[in-house]
Every structure is written in C-alpha cells, then in structure tokens.
Amino acid sequence: MKNIIQNIKENYKLVIGVLITGMFLGWIFFHSSDAAIIANQEMEGHEGHNHESAEPEVWTCSMHPQIKQDKFGLCPICAMDLIPLKSMQSEGDDVDPNEIVMTESAAKLAMIQTIVVSKGVPEKSVYLQGKVQADERNITELTARFGGRIEKLFVNFTGQNVKKGEKLATIYSPNLVTAQRELLEAISFKDSRPSLYAAAKGKLKLWDLSDKQITDIEEKGEPQIYFDVLSPTAGTVTMRHVASGDYVKEGTALFKVVDLTKVWVMFDAYESDLPWIKLGDKIDFTVQALPGKNFTAKVSFIDPFINGQTRVTKVRVEVPNTKMNLKPEMFTSGLLNSKIAESSNEILVPKSAILWTGKRAIVYVKVPNRKTPSFLYREVVLGSEAGSFYVISQGLHEGEEIAVNGVFKIDAASQLIGLPSMMNPEGGMNSTSHNHGEMDPNQEHAEHKSTSENLKHEMFEVGGACEMCKSRIEETALALNGVDQAEWNTEDHILHLSFDAKKVKLNEIHKAIANAGHDTELEKASDEIYNGLPGCCLYERLEYNNSGNSVLNTEFHVGGECGMCKSRIEKAALSIKGVKTADWNQESKIINITHSKKLDVMDIHKAIAKVGHDTKMVKAQDEVYDALPECCLYRNTN
C-alpha cells in the first residue's frame, strides 16, 4: 500500500493527464449521443406539427373548476390531483363539441347520479290551509216589517240558539194597531165589499202576521196591542242589532240567525295547485281545536276568481255539523291526493335534475357509449309540478339518461370551459360552431355580452314563512318586465335577484313584493294585505330603522389565500346570530356581509380571527395561524 502511494506521488503529473483525457473523451461520446437523441425527438415532433407556438397549459380541478393553475399540483380545497383543462372537453370526429367530460373519480367524488327517463302517472299531494265558515245559504237576516217600539227581548245575547217559530222579541206598533182596526171595520163589509176586506187582511199578511194571528184578531173583535217577532228558522243568533226599548222603523235589522248544522270549510289554494284540484276530489283535513279527529269531504265548489293580492283562490267543501263541534273561523289543515291525468302517462323527472333560472329549465343528458361520463346541456319545457317530480312537456324522450344529483357541479364545469350552461345558454368558446344564421358570430357574441352587462345582481331580505310564500315572492318578482331570475330562500329569507336595470328599477321590485303582502328591506306591506294572507304565510314582520332598512351591509378586509380559506372565513361569519349572508372575495380579500342592524360587527371580526384569519380590527393568534394548512398561510404572501 505504501509502495502504491509512493508511486502516485512520484508520477502524479501522468495520473492527472490520464484523468483529464478520459473525461474529455467521455464528454464527447455521451454529448454527441444525447444530441442525436434530442435531434431525433425534435424531428419526430416536427413531422406532424404545424410549427405554431404551443399555448400554455391550464390545470384545473374537476370538483372545483374555479381553481386554475399553470402547472400540475393538488387542489387547495379538496387536495385532488389537478387535470388539464382540455381534458374536460371531448375530442374526436364522432362527438358533439359541447360535451362536458368528467373522469370516473371526479364523477364519484361529485356524487353524480343518473336515471333513465321514463313515463308515469303524475301524482301530487296538495297541502291546503283553510278556515271553517258558515253556510251562506243558511244565513237569515230578520228585519222589522213595521215600525214600533221593542217592549221585550227574548234573545239577550249573541250565540244563543233558537228554534224555528221561537219568540225573539215583542213589539208595540201604532201602525199595526191601526191596521187591525181597519180589518175589524172591513169585516162588516165582508159580504157587500169583499175586496175591502181582502185588502185589509192582505196588509196584515204583508207585515208578516200569520193566518192564526189574523183569525184571533177577528174572533176577539179588538186589536192586539203587542206582537211577537218569531224566528223563521232554527239556528244561532250571531248578531243582535236592537235592545229593549229601542224604536225601530220598517226595514230595520233586528237579528241575524245562522244555521250551523252544516258548515263550509274554505281552503286557500295557490294558482299552481289548481290544475290538480277538481270538483268531487276528496280532501282529508284536521282541525286544530279537535286534535286526533279526522274529517273527510269532497270539493263542492272552486272559486272562479283569484285574489289579486294573496294570489290564492277558495276551494270549498261542505261538512255536516250536527254536534256543533265545528265553529266558524277555526283553522283547518287539509290534504288532497290527486292525479292530473289518470288515463295517460307523462314523462316525469325528479326536481333535483332540473336547473331552473326562472325563464329556462335545464337538464344534463348523459351521452351513451362513452368510456368516461359525458354530458350535454339541454333546455326542456316544464309541465305541472308533481310532488318531488316535474312533468316534462318538451325536450326529453323516454329512455334517455339524465343527471339527477351533482347537476350544479356539471353546470359549473361546463361554464368554466365556455360550453352552454345555465347562466350562459349560448356558450363561450364553442358557441360559434352552432351559428347557422347569417349573423356574424363575433357580432352575435357582442350583442349577448351587451345584454349580460345590463343585468344587475342584488339580494335583500323579504319576510315570509313557507313554500307558498316562496312561490308568491318569486312569481311576483318574475312577473315584472326586466327581471331575469328570482330565488327566495325559506331559511335565511334572502331574495337573490338578477334584473335588467334599464327595464325595471330595484324600488319597483320592492314595491311589487310588498303589494303581494311581504315586507322587504325598503317597503313594508300594508296590514290589510298582510292579514289577508293564508294562515301558514303569516310571518314575523320586519323591523325598520330610520332609513327604512331592516338589514345592513358591511365590508372589510380579511387575510386569506385560497378556496379553503374562503369556506372557513364565511362559515365563521355565518356562525354569528344575525348574519344573513357572507361572501369573501379571494382576489380583493374583501368580505361582504349582510346582517341585522342590532348586531355588533366586532363580534364578526372576533369570530373570523378566532379561526386564524386577520381582519381589519382583530389579528389572529399566531398559534392558530401556524396550525392552518400550508396553502392557507397568507401572511407571507400579502
């Protein structure tokens, strides 16, 4: 070993020369080989290439299409592998350019489910609210047939039950005494002047005296001073207009008697329910005052008019009430099971399959014979609502397969890559391939863009309580020219609007909704209209400050970085009672909050800082911030 080291030291110059020579020869050999390989690859790549500059590839998440990056990585929200944006579109000669393609894993994670369209008999359970009312045909108003003074009352209070022929009051009438004397004098001329006798007797009959009373007068030979007012029907006295000692004139109202042995139940039916209700349909209903007791009756009358303010019509059933258990103004809840067309089948699809904008109804049809799930946008025409289904009038055929779950995610992905979608039916990148008219595609796109720019999006609170309120509010707004979309949430009572500001003003929408009986942030419904709403629609009235607003809007800066931050920030804000909506913008870092005017905004700042995000007023604790996922660490990036 010592000899080897000694030889190297003595001949070190030779060793160094050999090493340098070997390295130089190796570089020449391998460099030329690599250059040849690269040259071959470039030649192969250029054979089918059009020599155009390659566009930068965009990577996105199939579950969260708002995520866009210029390189491969993980989604900052769900940690899924990003995919090329191009892979979300179908390619090939035999496919529609508007197909939206999803990977199998993305479809499973999005919980996309499909069904095959089939026909069935539309059925619906119509829930109705109503009140017990008196049968109008059994209401009798007693009036004075002759003037006089009430000497005695036999009915002293309303609600008293009377029988037919029972005495209600006693009247002294000078005019009636005179008429009796005329009759007694005419008796002596009965044979010679029978017409005079008949006229005197007829006068008493017109004053509602019975034949027996007239005969008694003739037999006694002297006028009767006091006369009894008899009830012409059995029933309940619901109104007493006179008291003992009152002077009345001919035609004065005395008593109102109602026979309650048979009553009406008047149900409120919204206009969308009318196609499902017909004469003879059976309604099962209950009464709040009689728990555990069920009633059944058939529809005997449907009001031909709709109330212009409450947008409901009356549906009547007749119910026997011999035991007098049902009393007018009692609340009732009814259920009507109906089939709109028993003899024919209709195409039925679940409501979850429909994306409805107010003017368009959209479904996504699965393309058959594809290796991966592919869907096409299609507009359909809706028929009647059948419970949890819609009847499809046009646009679908039996046997086609449509998405019924995850439809919003398919639509979001379609909108991301410029294909036809709910908010953009003309599409973006691929819409020009379907322009068959003479109009220039660029011109048509410009016109569509101009129309979109006119649309404004607003949201505000509207008072309401139930699904009937939802339909009334949305249909009232959509009835105005210029309103494109209207959706009211039954939980937070916020109405989301999309409207053309050139055609309709925002305050006009507020007034129209208030005129339908629902308070808005700017307009309060009149008490008369509100009280006329069905019982299920009587919501808690909104409160107003001096400016007329019942909610306030607040904006402030919140530190954050990604979609996961957005979800965390908004969830923290919404956890504070009184916060209506919360929307954090990932680019501007500004959160927009609508909240009750009674809420202390500092509570919102504290709640957001508590989950690790700095606000304008409160800084998050360092240990909470450091525990955030790496993609959420914003302090070094801001």
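Residues numbered from 1 in each chain as written. Predicted model: local features only at pLDDT ≥ 70, side-chain atom pairs only at ≥ 80, totals over all residues. Heavy atoms only, no water.

A. Layout of the overall build of the protein chain. A count of helices and strands for the protein chain gives 14 helices and 32 strands. Here the protein chain, with 638 residues, has 39% of them falling under the buried criterion. Once local pairs closer than 6 in sequence are excluded, the contacts in the protein chain between residues at least 24 apart make up 64%. Within the structure as shown, the protein chain displays about 36,500 Å² of accessible surface, and the carbon and sulfur contribution to it stands at 52%. (Helix = DSSP H or I, 4+ residues; strand = E, 2+ residues; numbered from the N terminus. Buried < 20%, exposed > 50% of the residue type's maximum accessible area, 1.4 Å probe, protein only. Contact = heavy atoms within 4.5 Å. Areas by Shrake-Rupley, 256 points an atom, 1.4 Å probe, with all protein chains shown as cover.)

B. The arrangement of the sheet that holds strand β15 (residues 253–258) in detail. Ordered in space as β8-β15-β13-β10, the four strands form an open sheet in which the pairing is antiparallel. The sheet terminates laterally at β8 (139–143) and β10 (161–162), the two strands that pair on one side only. (Pairing = 2+ DSSP bridges.)

C. Focus on the sheet that holds strand β9 (residues 148–153). Spatial ordering of the open sheet is given by β12-β11-β9-β14, a layout of four strands whose pairing is antiparallel. Pairing within the sheet leaves two strands with one partner each, and these edge strands are β12 (226–230) and β14 (247–248). Relative to strand β11 (residues 167–172), β9 runs antiparallel, the two sharing four bridges. Within the sheet, the bridge partner assigned to L153 lies in β11 and is A169.

D. Layout of the nonpolar core. In terms of nonpolar packing, the biggest core is built from 30 residues, with L209 and F255 touching the most fellow members. Put simply, the parts of the chain that give this core at least two residues each are β9, β11, α4 (174–187), α5 (194–206), α6 (211–220), β12 and β15. For this core, the element with the most residues is α4, which contributes five residues. L209 has contacts with F146, L176, L204, I214, I217 and F227, leaving out every residue within four places of it along the chain. Core analysis: the second largest hydrophobic core is formed by 25 residues, A134, V258, V265 and W276 among them. (Core = buried A, V, L, I, M, F, W, Y, C linked by side-chain atoms within 4.5 Å.)

E. Main features of the packing of aromatic side chains. One pass over the full model with this rule turns up six aromatic pairs. Measuring from ring centre to ring centre gives 6.2 Å for Y364 and Y377, while their planes differ by 75°; the resulting arrangement is edge-to-face. Pair noted here: Y364 is in strand β23 (residues 361–366) and Y377 is in strand β24 (residues 374–386), with a separation of 13 residues, a long-range link. The class for Y364 is buried, based on a relative accessible area of 1%. Above the plane of the ring of W264 lies R316, whose end atom (NZ or CZ) is 3.9 Å from the centre. Sitting over the ring of Y530, R541 keeps its end group 4.2 Å from the ring centre. (Phe/Tyr/Trp six-rings, centres within 6.5 Å; stacked < 30°, edge-to-face > 60°. Lys NZ or Arg CZ within 6 Å of the ring centre and 35° of its normal.)

F. View of the packing of α5 against α6. Axis separation between α5 and α6 bottoms out at 10 Å; the angle between their running directions is 130°. As judged from the angle between their axes, α5 and α6 are oblique. The element α5 and its partner α6 pack so that their crossing is right-handed. Across the interface between the two elements, Y197, K201, L204 and K205 from α5 touch D211, I214 and E218 from α6. (Axes fitted to C-alpha atoms, helices over the stretch in contact; angles between N-to-C directions. Parallel < 35°, antiparallel > 145°, perpendicular 65-115°, else oblique. Left-handed = near helix turned anticlockwise from the far one by under 90°.)

G. View of the packing of α4 against α6. Interhelical geometry of α4 versus α6 gives an angle of 60° and a closest axis separation of 10 Å. Between α4 and α6, the crossing angle belongs to the class labelled oblique. In the crossing of α4 with α6, the sense of the turn from one axis to the other is right-handed. The residues of α6 that touch α4, namely those facing Q180, L183, L184 and I187, are I214, I217 and E218. Of the residues assigned to the contact of α4 with α6, the class counts are five nonpolar, one polar and one charged. (Nonpolar A, V, L, I, M, F, W, Y, C, P; charged D, E, K, R; others polar.)

H. Region of interest: the environment of A297. The topology assignment puts A297 in strand β18 (residues 294–302). You can call A297 buried: its relative accessible area is 7%. Distance from A297 to D281, taken between C-alpha atoms, is 8.4 Å for residues 16 residues apart in sequence. Aside from chain neighbours lying at most four places away, what touches A297 is D281, K282, I283, F285, V317, E318 and V319.

I. Structural context of helix α7 (residues 407–416). Among the residues of α7, those classed as buried are V407, I410, D411, A413, S414 and L416. Immediately downstream of α7, the backbone of G418 shows phi near 85°, a positive value.

J. Examining the pattern of salt bridges more closely. In total, this model carries 20 salt bridges according to the counting rule given. For the salt bridge of R137 with E318, the shortest nitrogen-to-oxygen distance reads 3.0 Å. With a gap of 181 residues between them, R137 in the loop between β7 (123–134) and β8 and E318 in strand β19 (residues 312–320) connect regions that are remote in the sequence. Exposure remark for R137: the relative accessible area of 53% places this residue in the exposed category. Residue K167 is joined to D228 by a salt bridge in which the shortest nitrogen-to-oxygen separation is 3.8 Å. Separated by 61 residues along the polypeptide, K167 in strand β11 and D228 in strand β12 bring together distant segments of the chain. When salt bridges that share partners are traced, they join D135, R137 and E318 into one network. (Salt bridge = Lys/Arg side-chain N within 4 Å of Asp/Glu carboxyl O.)

K. The arrangement of unusual backbone geometry in detail. Unusually for a residue other than glycine, N369 sits at a positive phi of about 60°. According to the relative accessible area criterion, N369 is exposed, its value standing at 76%. The backbone of K589 shows a phi angle near 65°, a positive value even though the residue is not glycine.

L. Highlighting the confidence of the model for the protein chain. The share of residues in the protein chain with pLDDT of 70 or more is 82%, and the mean pLDDT across the chain is 79. Here residues 29–53 is a poorly scored stretch, pLDDT under 50, and it has one contact once near neighbours within four places are set aside; other chains count. (pLDDT = per-residue confidence, 0-100.)

M. Fine view of the pairing of strand β13 (residues 235–240). In the sheet, β10 pairs with β13 via two bridges, with the strands oriented antiparallel. Paired with N161 across the bridge in β13 is T236. When β13 meets β15, the two strands line up antiparallel, connected through four bridges. Bridging across to β15, R240 finds its partner in F255.

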